[in-house]
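Given next are the chains, with one letter for each unit.
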Amino acid sequence: MRKCVRLTAASSNEQRGREESCVRTVRTLPDFHLTAREAGYWDRQNVEFGERRSEVFKTVICVLCYTRESCSVDLREIKLEKDLPKKEKHPDLLPGEVVFCSANPILKYTQDDLSQRGVFGTLFCTNFRVTFISDEPKQEETSKTFKNKLYGEKDIPLMCVDHIYGVYDEKRKLITGSFVKNKYPSKMIIHCKDLRVFQFCLTFTKEEDTKKIFQGIAHHCLEEKSLKCVFAFSYAGTPSPEMQRKQETIMFDSPEDWTQEMKRTKAKCRLVTENENFELSQRLPKYFVIPTALEDLFSYQGKGLPIWCWSHHSGCALFKASFPLMTQEDGDFQKHLDTMINAVAHNYLYSVKTEDLSESLPTILDIQQSYNKFKQFFLIDNSTDFWMSDMKWFSSLESSGWLDIIRQCLQKAVEVVECIDKDNTNVLITEEEGTDLCCVISSLAQIMLDPYYRTLVGFQSLVQKEWVAGCHAFLDRCNHLHQKDKECHSPVFLLFLECVWQLVQQHSPAFQFSETYLTVLSDSVHVPIFSTFLFNSAHHRESVMKAESPLAQSGPLSCPTVWDWSVQFDSKAQNFFFNPLYSEKVKHEKTARKTHKPKHQRQLSLPSTAFKTPPKKGFFKDETESLKKMLRVKRISRWIGSPDSPVAATREFYESWQQRPLDYHGLLLPCLDGPAVRVWMQRYLRWIPEVHILGGGSMAVMSKLMELLNQVQDLKRVLEQRDASQAAKFDHRPHLQNRLFSFGTSGRLSSSFPFAYSRNRSFKPIIPTGLMQSLMVTDNLASQEDEAS
Amino acid sequence: MEFAELIKTPRVDGVVLHRPFMPTVEGTLCLTGHHIILSSRQDNTEELWLLHTNIDSIEKRFMGSLGTIIVKCKDLRVIQLDIPGMEECLNIASSIEALSTLDSVSLMYPFFYRPLFEVIEDGWQLFMPEEAFRDLESMTDEWRLSEVNKDFSVCPSYPSLLTVPKDIDDDSLCKAASFRHGGRFPVLSYYHKKNGMVMMRAAQPLTGTNGRRCKEDEKLINATLCAGKRGYIIDTRTIAVAQQAKARGGGFEQEANYPQWRRIHKAIERSNVLQESLIKLVEACNDQSHSMDRWLSKLEASNWQSHVKEILTTACLAAQCIDREGASVLVHGTEGTDSTLQVTSLAQIILDPACRTIRGFEALIEREWLQAGHPFQQRCAQSAYSNGKPRSEAPAFLLFLDCVWQILRQFPCSFQFSENFLIMLFEHAYASQFGTFLGNRVAERVKLQLSQKTVSLWSWVNRPQELERFLNPLYEPNNLVIWPSVAPQSLLLWEGIFLRWNRSTRCLDEAYQEMVHIIEYNKELQNKVNSLRRQLAQLETEDSPLQTP
């Protein structure tokens, strides 16, 4: 079935009709995606598409041959008509970006005001984003040092849209699909996944325009779509010259990366290359590492295979595995799992503790529900709502349970760390899939144990190792494709970042990256450009990439990884990712550590004496050869275990760690007391003007410190130069790369810096705007009282 | 001496001291008239010196012949002493109880304390009302210093010298005083240099149920208004509470009698509510069960944070009226000695950059709290661990410090002092070797001859070696008005006070040290560069005459 679509994007009035009919046709195609493959194609064909950015609006008429079966697009005719007189302003399109529809005039409300004031402009919906261009002359954005190159303050990447609400007669209704009967809302509210809130008034626009834009946005943001429609596959950005930078991050997509990692941690495990073509299992990584004692790889499609995560210097290691829930007595499978556990035990000293995370931690559904409740406190439509809700701030926080989930994860990770670092036993964490909470706990444990993962590159490598190569189902969990009925979305990765943030907050000097980095990373998940967060597994990635690339023989798809930060930020802005208080490792420590290492020698005694008795009763169970019994029995015994004891046990562990001298390049444990677990202010409060502190906040300290460090560096340089000139060695020595720089006048920054910028420069007192109202009320009350008395 | 009668067992050996996050110390326990001293009598080990006045309550426990005393201090610390021997333990406990609840002010430690340092600058002479008035005189001539309260007869809780509008004579002041609770007639609290607006404070007017009025009072406050301008009266009580006050002879300014003023009611709680709130909060903070959800609900149930928010909001409102609306403000509650002072002093911190320096803050405390008649001795008699029925105890000053801390945290570079300075003030307000916070009002301090018989806290704090500990390394003078955010999300629990003893501050100290280090290093390098520059300049000037010939 071939269908011809004539697509026009035009601004002049006489072409409006055509455009509309076209869009209508387009919309009738259920799986329609106007991929900008054409755009990329044109680029390759050297069609002058660079003038996209020019003020001249172009009419692009192309005939698309649309085949549903193959989902491929052919370009039959390309015609560029230039120099139409412009009437509207147009967004600066990214390479491969195409405008679907637009409407003018739309009123965008300014969020921080009770009054219904706003800015008029044009609303666009493209294959990448929803964007608003103000009619007012463009303000110079000179102060913006932290500008995202891909999307601006008024852009919402389609993937980033969380919910759309329509306001009908003062009533807010959740829009669930593009199907609308007759009436169109007077106001559209968009809640974003990065917690921004946009409000657009649609009443000033012609009815058909309203219809067009509303349906367009709803269709592209809410309707289920196929992966191929994601902008990443249309994006034709050229790899930046800075691309080499990402090479520092280990991608774990080659056997060498794994060998290297094993060498670094001195692991004695075995690299598996048998899954190179995913013959073993599609849910397993391409390459992975298993205990050496394991021989049987091919039974049960790799289910239950313990996958190596990290090795402690003592020799014991952390493994994760997917243990499916067993519904009936399945003796063979039990046996298989026992072999697996046994193999892990063989790794070091015949000791292993297993932990089923799905039993002790919240399910992914719990996580999703809790986060849904939690984020509502930060998605604020107007300041009245904000000041109304603030009375119950703590109890609402509590009722969401989000902070408690964070605490439980950290707690579990500390338990794992205790087993590895204190008891020197192997740990096997299991879960049904093995790619959700296993990833959270294993990555957290590794950050606590290994200072390498607290550097920027190390952290990125860790995410690559545990999450991307480790087959976390990003696509399903983040719900990039707006699938409605599935119950598999859950902000698991965000939960991990939240936990990391708690660690960063508590032990700032131990981390090379800043909280801004984490916030940006959490936003980047919803930018549909990067291949990093787009797939469900390594197999998925490979099959999609393979299917997509041979379109034109001009090379494979250029999907940058998120670690190539130059795609989003210039090098100046990237400086915000670094923590000025990071205490770099002193060199001699390395040798000190080496001498410390051979504390735990492999014991040569018989296995029976090598069995370690567990020092404490906790969730963890010893699984040793002599205890090879039915897993089921142990499961039951685990349920009985009282939940209080591990808390007390880890507390003891934490306190003994506290007694030791502080070493930011050693073991790091979080404090788990109630008051210590906090709300990630930067991420959640950055768009709420009511809580901004002008000229203050933690950013003031950061910028002041940056400034000072910068001065120190400058002065050092001056001294160096002086020394050099005194030694008559004046040459064009390359300047020290200035990593840090000042943010500008620190006195003027808001606490939400570098994210939201306050538009009104005047220092407005931040007290409830409703105050003057309440003032009037009490005043009236008072006068009534006066009259009465 | 009568202390000796109270000390039955002055010395016990083999006592073990337990403190959270610190190693235990075994040593000899001594009781003196003012201190509990525990020393291991070995070199370089820490000794415990605890003032009896710092003890809030004690608990006894026995395990066989081993007695345990848990001492709960007013600075919220809890320590445990294991004392061998039942009798010794009982004796020690009863002595501590007796010594920590002595009523007579003249037996307090400040009267016995002799400084080990030389007093260079006497803190008692540092912040006199005359001096503050001299500053005011340089800005405006609308005000005069009145001696109407010379013998504290017009208003016992006011100091002898008061700043009042120039056109109001002393007779009118006396009449106005009779119309205000406790004789606290409206006086100047703050003059906003930028626009000449003023903030005044007073106590509630005594309108009673029959709506009494006082022409002199009206005239007095109207004298502060510019022609055609309206002013704001900020009543720190809700309208309902203000209404109830009428039955007891109090009340509020009637609209009809004060047409140029607009009244705003806010809801700052009264002292006993605040005390309960503090007790609940400290209970929650000391809870060792560490469950997340219980923690948050307990924190909310204590209401402490909402008190902080309410006070800050009111202070912001007062500041807003002055700075934004360009209007004069009169602040009062019931007695004008608690919530009124919280509001007026916080508003000054927001508005006046001078109050954010160490000297300025000391002056503010002296002016707005000590001389303004906040009854420190009554309010700070007990802290969060008191078992008895609260009389007039209230953490009004602690709440004020908490609010300052909130602003300080939000504007970390705008204050010359650090959090430690606020913590130090909190400690000394409750128990101190210095006489500054003794007594309830200026009249009492004069009677006790504090300035002759005791040492002022300021004499000690302002010594350079002490001051160093309280400086904020990030300070950068900021001449702007600073508007704090009062959203509950922006207000945090003051961990430096409430979690001080149940967490290890090691990491924080480390970060702080790093910060101080960077700043010092920067200074060092700057000096080095400067000296090199000078050297270079010198060399150049020396070189040039040589080259020219």
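Keep in mind that this is a model prediction, so the values were computed, not measured.

### Section: the domain arrangement of chain A
All names here are of chain A.
Argument step 1. What the domain assignment reports for chain A is domain 1 (99–223) and domain 2 (255–503 + 536–551).
Argument step 2. On a C-alpha basis, the centres of domain 1 and domain 2 stand 36 Å from each other.
Argument step 3. At the junction of the two partners, domain 1 supplies 21 residues and domain 2 supplies 13 residues.
Argument step 4. Between domain 1 and domain 2, a total of about 1400 Å² is buried, with carbon and sulfur atoms accounting for 44% of that surface.
Argument step 5. Ionic pairing is found between Asp162 and Lys375, a salt bridge with its closest N-O pair at 2.6 Å.
Argument step 6. Here domain 1 is connected to domain 2 by 3 residue pairs in polar contact (both at pLDDT 80 or more).
Argument step 7. At the level of elements, β8 (161–168), β10 (187–192), β11 (197–201) and α3 (207–222) are the ones that each hand at least two residues to the side of domain 1 that touches domain 2.

### Examining the domain arrangement of chain B
Residues and elements named next belong to chain B.
Argument step 1. On domain assignment, one finds that chain B holds domain 1 (3–102) and domain 2 (130–493).
Argument step 2. Distance between the C-alpha centres of domain 1 and domain 2: 37 Å.
Argument step 3. Listed as interface residues are 12 residues of domain 1 and, on the opposing side, 16 residues of domain 2.
Argument step 4. With both chains or domains summed, domain 1 and domain 2 bury close to 1000 Å², and 60% of this area falls on carbon and sulfur atoms.
Argument step 5. Applying the counting criterion to the domain 1 and domain 2 interface returns 0 salt bridges.
Argument step 6. Along the contact surface separating domain 1 from domain 2 lie 9 residue pairs in polar contact (both at pLDDT 80 or more).
Argument step 7. Among the secondary structure elements, those contributing two or more residues to the side of domain 1 that touches domain 2 are β5 (55–63) and β6 (66–73).
Argument step 8. Considered class by class, the residues forming the side of domain 1 that touches domain 2 number 4 nonpolar, 3 polar and 5 charged.

### Focus on the pairing of strand β9 (residues 171–175) of chain A
All names here are of chain A.
Argument step 1. As defined by bridge partners, β8 adjoins β9 across 5 bridges and the pair is classed as antiparallel. Paired with Gly166 across the two strands is Lys173, which belongs to β9.
Argument step 2. Once β8 ends, the chain turns through 2 residues before running back antiparallel as β9, passing Asp169 with a positive phi of about 45°.

### Concerning the sheet that holds strand β12 (residues 231–235) of chain B
All names here are of chain B.
Argument step 1. A sheet is described by the order of its strands in space; here 5 strands give the open sequence β10-β11-β14-β12-β13, paired in mixed fashion. Since the sheet does not close on itself, it has two edges, and those belong to β10 (187–192) and β13 (261–265), each with one partner. Strand after strand, the sheet turns through a mean of 20° between neighbouring axes, direction not considered.
Argument step 2. By the bridge criterion, 5 bridges tie β10 to strand β11 (residues 197–201) in an arrangement that is antiparallel. Residue pairing for β11: His192 is matched across the bridge by Met197.

### Here's the deal with the sheet that holds strand β7 (residues 78–84) of chain B
Residue and element names in this part refer to chain B.
Argument step 1. In spatial order, the strands read β4-β3-β2-β1-β7-β6-β5; together these 7 strands make up an open sheet with antiparallel pairing. Among the strands making up the open sheet, the edge pair consists of β4 (48–51) and β5. Shown here is a sheet whose adjacent strand axes are inclined to one another by a mean of 30°, direction ignored.
Argument step 2. Strand direction decides the pairing type here: β6 and β7, joined by 7 bridges, are antiparallel. Its bridge partner being in β7, Thr68 is matched across the sheet by Asp82.
Argument step 3. Against the sheet, helix α2 (residues 86–100) engages β1 (11–19), β2 (22–31), β3 (35–39), β5, β6 and β7, with an angle of about 165° to β5.

### Comments concerning the side chain of Ser95 of chain B
Argument step 1. By the element assignment, Ser95 of chain B lies in helix α2.
Argument step 2. Not counting the four nearest positions on each side in its chain, Ser95 of chain B is found in contact with Leu6, Ile7, Lys8 and Leu31 of chain B.

### Some remarks on the pattern of salt bridges
Residue and element names in this part refer to chain A.
Argument step 1. Under the counting rule described, the total for this entry stands at 43 salt bridges over all chains.
Argument step 2. Salt-bridge contacts for Arg283 lead to Glu433; the nearest nitrogen and oxygen are separated by 3.5 Å. With Arg283 in the loop between β12 (269–272) and β13 (288–291) and Glu433 in the loop between β17 (426–431) and α11 (437–449), the pair connects residues that are 150 residues apart, well separated along the chain.
Argument step 3. Among the ionic pairs, Arg407 bridges to Asp404, the shortest N-O distance being 3.9 Å. Of this pair, Arg407 and Asp404 both sit in helix α10 (residues 402–422), 3 residues apart, roughly one helical turn.
Argument step 4. Among the charged side chains, a salt-bridge network with shared partners connects Glu261, Arg264, Asp450 and Lys465.

What counts and how
In every chain, residue numbers begin from 1 and rise along the written sequence. For naming, the first written chain is A and the first written ligand is 1, with later ones following in the order written. Restriction of local features to residues with pLDDT of at least 70 applies here, the model being predicted, together with a cutoff of 80 or more for giving and counting side-chain atom pairs; totals for whole chains, interfaces and linings are based on all residues. Based on all heavy atoms of the structure, the side-chain values leave hydrogens and waters out of the count. All the domain ranges listed were derived from an automatic or database domain assignment. The contact criterion used throughout is that any non-hydrogen atoms of two residues lie within 4.5 Å. Buried area is calculated as the accessible area (1.4 Å probe) missing from two parts once they are joined, with the contributions of both summed. In what follows, salt bridge is the name for a side-chain nitrogen of Lys or Arg lying within 4 Å of a carboxyl oxygen of Asp or Glu. Here a polar contact is taken to be a pair of N or O atoms separated by no more than 3.5 Å, where protein atoms must pair a possible hydrogen donor with a possible acceptor and residues adjacent in sequence count only if both atoms sit in side chains. Per the convention used, a helix needs a DSSP run of H or I reaching at least four residues, while a strand needs a run of E reaching at least two, with both numbered from the N terminus. By the convention adopted, Pro, Cys, Tyr, Trp, Phe, Met, Ile, Leu, Val and Ala count as nonpolar, Lys, Arg, Asp and Glu as charged, and the other residues, Gly among them, as polar. A pair of strands is labelled paired if DSSP reports no fewer than 2 bridges between them. Only C-alpha atoms enter the line fits that serve as axes; for helices the fit covers just the stretch in contact. Angles between N-to-C directions range over 0 to 180 degrees.

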